[in-house]
Amino acid sequence: MFVKLTGADRTATAVNASQVTFISQVSEGTRIRFGEGRSVTVVEPLEEVMERLNHTLSFPET
């Protein structure tokens, strides 16, 4: 499932939640990493990104 976020350059960015491998807070907002060294930085805070990605039900229950 795709999640719409705002890129650091203020453009709309769609993220495939099932491909996210790591999320970290950076000075510009939140960096979302994918496999093979790909990443995107969005302006939403880390907590909001986590909440929106979790609502896709793409993450396994722990």
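This text follows the structure it describes.
All values derive from a computational prediction rather than experimental measurement. (Residues numbered from 1 in each chain as written. Predicted model: local features only at pLDDT ≥ 70, side-chain atom pairs only at ≥ 80, totals over all residues. Heavy atoms only, no water.)

What about the pairing of strand β3 (residues 20–26)?
- Across six bridges, the pairing between β3 and strand β4 (residues 29–34) is antiparallel. The residue of β4 that forms the bridge with S24 is R31.
- From the end of β3 to the start of β4, which pair antiparallel, there are two residues. (Pairing = 2+ DSSP bridges. Helix = DSSP H or I, 4+ residues; strand = E, 2+ residues; numbered from the N terminus.)

Some points on unusual backbone geometry
- Phi is positive for R10, which is not a glycine, with a value near 70 degrees.
- On the secondary structure map, R10 appears in the loop between β1 (2–6) and β2 (12–16).
- Judged by its relative accessible area of 62%, R10 falls in the exposed class. (Buried < 20%, exposed > 50% of the residue type's maximum accessible area, 1.4 Å probe, protein only.)

Looking at the sheet that holds β4
- Taken in spatial order, the three strands make up an open sheet running β3-β4-β5, and their pairing is antiparallel. Only two strands of the sheet have a single partner each, and these edge strands are β3 and β5 (39–42). Geometrically, the sheet is characterised by an average inter-axis angle of 20 degrees between neighbouring strands, direction not taken into account.
- Sitting on the sheet, helix α1 (residues 46–54) is in contact with β3, β4 and β5, with an inclination near 160 degrees to β3. (Axes fitted to C-alpha atoms, helices over the stretch in contact; angles between N-to-C directions. Contact = heavy atoms within 4.5 Å.)

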